[in-house]
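Remarks on the overall topology
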Amino acid sequence: MRIAIVDDDIFFTEKVERTLKTYFEEKRDPVKIQCCDAEALLKELEVQNGYDIYFVDVEMLGMDGLELAEKIHEIDARARVVFLTSFEKYAYQGYRVKAYYYMMKDAYQEELPQVLERVQKEEESEKDYYRILTETRYCKFKMSDILYLTKEKKYAMFHCVDGSEYRERKSVENVYHSLPQERFVVVNRGIVVNMKYVMKYGKMELTMQDGKVFPVSRRENVIVKRKLADYFGTLL
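Computed from a predicted model, the values in this text were never measured in an experiment.

1. Overview of the overall build of the protein chain
If you tally the helices and strands in the protein chain, you get seven helices and 15 strands. The principal-axis extent of the C-alpha atoms belonging to the protein chain is close to 65 × 35 × 30 Å. Each of the 236 residues in the protein chain was classed as buried or not, and the buried ones make up 48%. Sequence-distant contacts, at least 24 apart, represent 50% of the contacts inside the protein chain between residues at least 6 apart. Within the structure as shown, the protein chain displays about 13600 Å² of accessible surface, and the carbon and sulfur contribution to it stands at 49%. Counting 39 positive and 42 negative side-chain charges, the protein chain places the centres of these two groups 11 Å from one another.

The following block contains the structure:
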């Protein structure tokens, strides 16, 4: 799990970080914790995927937590922002900016494990994520959001419904075998499509939701027809 802590109280930040590390060590689960200020976090989010959970103080010098939460959600609409604060008066405003949870600092040690368990259960129930992890980059996105994959030299290119693209130094074939076989199909060498977004099929061609047209190879044609029929529940 990837966690960000944004709080200008260094002493409290260190306490939360230690509590998180202890929790994940006891669970024997991997965790990456980033402690930073609001500006540094937003700059980081511009160049890489977000975190699984954000622990944010409300009252901070410069950008406050409420404004930061709004900016985080502009980048990642599904972000889980947990407010850690000493003031109950911000509870309503916290939920107005789509807070995942609102936690008082003097009770965080009791409530923190509950929040983490809730997030982990959600993650387990959302196994529809594809993760790309390298020495310099971590990306996580829903497999259901993948339109199709194409080959680019030594990379597999992921083209998503929101227009975003990711690439991984793997062959398209290797990536395909790690995807749900009931939802994806190989249509040609180096091309895999998500059947959810197939708009038209005929004359050995597939038209995707974004208008992209892919030729279907003779070798894959029978399999493509069968898998589309199984997926949509009709005979082509």
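Now that the structure is up, let's keep going.
2. Section: helix H1 (residues 10–27)
Since one α-helical turn is 3.6 residues long, residues separated by three or four positions face the same way. Between its first and last C-alpha atoms H1 spans 26 Å; for 18 residues at 1.5 Å apiece the expected length is 26 Å, and the two agree. Among the residues making up H1, those that are buried are Phe 12, Thr 13, Val 16, Glu 17, Leu 20, Tyr 23 and Phe 24. The arc that holds every buried residue of H1, seen down its axis, measures 140°, which confines them to one face. In H1, the exposed positions that point more than 90 degrees away from the buried face belong to Ile 10, Phe 11, Glu 25 and Glu 26. Just downstream of H1, Arg 28 is the residue with a positive phi angle, here 60°.

3. A short note on the environment of Tyr 138
Relative to the elements of secondary structure, Tyr 138 occurs in strand S7 (residues 138–142). The exposure class of Tyr 138 is buried, given its relative accessible area of 13%. Separated by 88 residues in the primary sequence, Tyr 138 and Gly 50 place their C-alpha atoms 9.0 Å from one another.

4. Things to note about the side chain of Lys 140
Tracing the chain through its elements places Lys 140 in strand S7. Within the structure, Lys 140 has its side chain in polar contact with the side chain of Asp 52 (distance 2.4 Å).

5. With respect to the pattern of salt bridges
Taken as a whole, this structure holds seven salt bridges when the rule is applied. We note a salt bridge from Arg 167 to Glu 152, for which the minimum N-O separation is 3.9 Å. Note that Arg 167 is positioned in strand S10 (residues 165–168) and Glu 152 in strand S8 (residues 146–152), a separation of 15 residues in sequence. On the basis of relative accessibility, which here comes to 38%, the residue Glu 152 falls in the partly exposed class. A salt bridge links Asp 230 to Arg 226; the shortest N-O distance between them is 3.8 Å. With Asp 230 and Arg 226 both in helix H7 (residues 218–232) and four residues apart, this pair spans about one turn of that helix. Under the relative-accessibility criterion, Arg 226 is labelled partly exposed at 47%. A cluster of three or more residues bridged by salt bridges with shared partners is formed by Asp 7, Asp 57 and Lys 105.

6. Things to note about helix H2 (residues 38–47)
Where H2 is concerned, the buried positions are Ala 38, Leu 41, Leu 42, Glu 44 and Leu 45. Viewed end-on, H2 has its buried residues packed into an arc of 160°, placing them on one side of the element. When the buried face of H2 is taken as reference, the exposed residues oriented beyond 90 degrees from it are Lys 43, Glu 46 and Val 47. Packing partners of the buried residues in H2 comprise strand S1 (2–6), strand S2 (32–36), strand S3 (53–57) and helix H3 (65–75). By the N-cap criterion, in which a side-chain oxygen at the helix start approaches the backbone nitrogen of a residue two or three places on, H2 is capped by Asp 37, the distance to Glu 39 being 3.3 Å.

Parameters at a glance
- Position numbers for residues start from 1 in each chain and track the written sequence from start to end.
- Where totals are concerned, whole chains, interfaces and linings use all residues; where local detail is concerned, this predicted model gives features only for residues with pLDDT of at least 70, and gives and counts side-chain atom pairs only at 80 or more.
- Note that water and hydrogens are dropped before the side-chain values are worked out from all heavy atoms of the structure.
- Here a strand is any run of E in DSSP of at least two residues, a helix any run of H or I of at least four, and the numbering for each starts at the N terminus.
- Any residue under 20% of the maximum accessible area for its type is buried, any over 50% is exposed, and the rest in between are partly exposed; the area is computed with a 1.4 Å probe on protein chains only.
- Contacts were defined at the residue level, with two residues in contact if any of their heavy atoms lie within 4.5 Å.
- Note that accessible areas follow from Shrake-Rupley with a 1.4 Å probe, and for residues the cover is restricted to the protein chains shown.
- His is not counted, nor are the chain ends, whereas Lys and Arg count as positive and Asp and Glu as negative.
- A charged residue contributes its charge at one atom only: NZ of Lys, CZ of Arg, CG of Asp or CD of Glu.
- Expected span of a helix: the number of residues minus one, times 1.5 Å.
- The arc in question is traced by the directions running from the helix axis to the C-beta atoms.
- Each polar contact in these results corresponds to two N or O atoms within 3.5 Å; when the atoms are within protein, one needs to be able to donate a hydrogen and the other to accept it, and residues that are neighboring in sequence are counted only if both atoms are side-chain atoms.
- What counts as a salt bridge is simple: a side-chain nitrogen of Lys or Arg found within 4 Å of a carboxyl oxygen of Asp or Glu.

In short, geometric facts, not functional conclusions.
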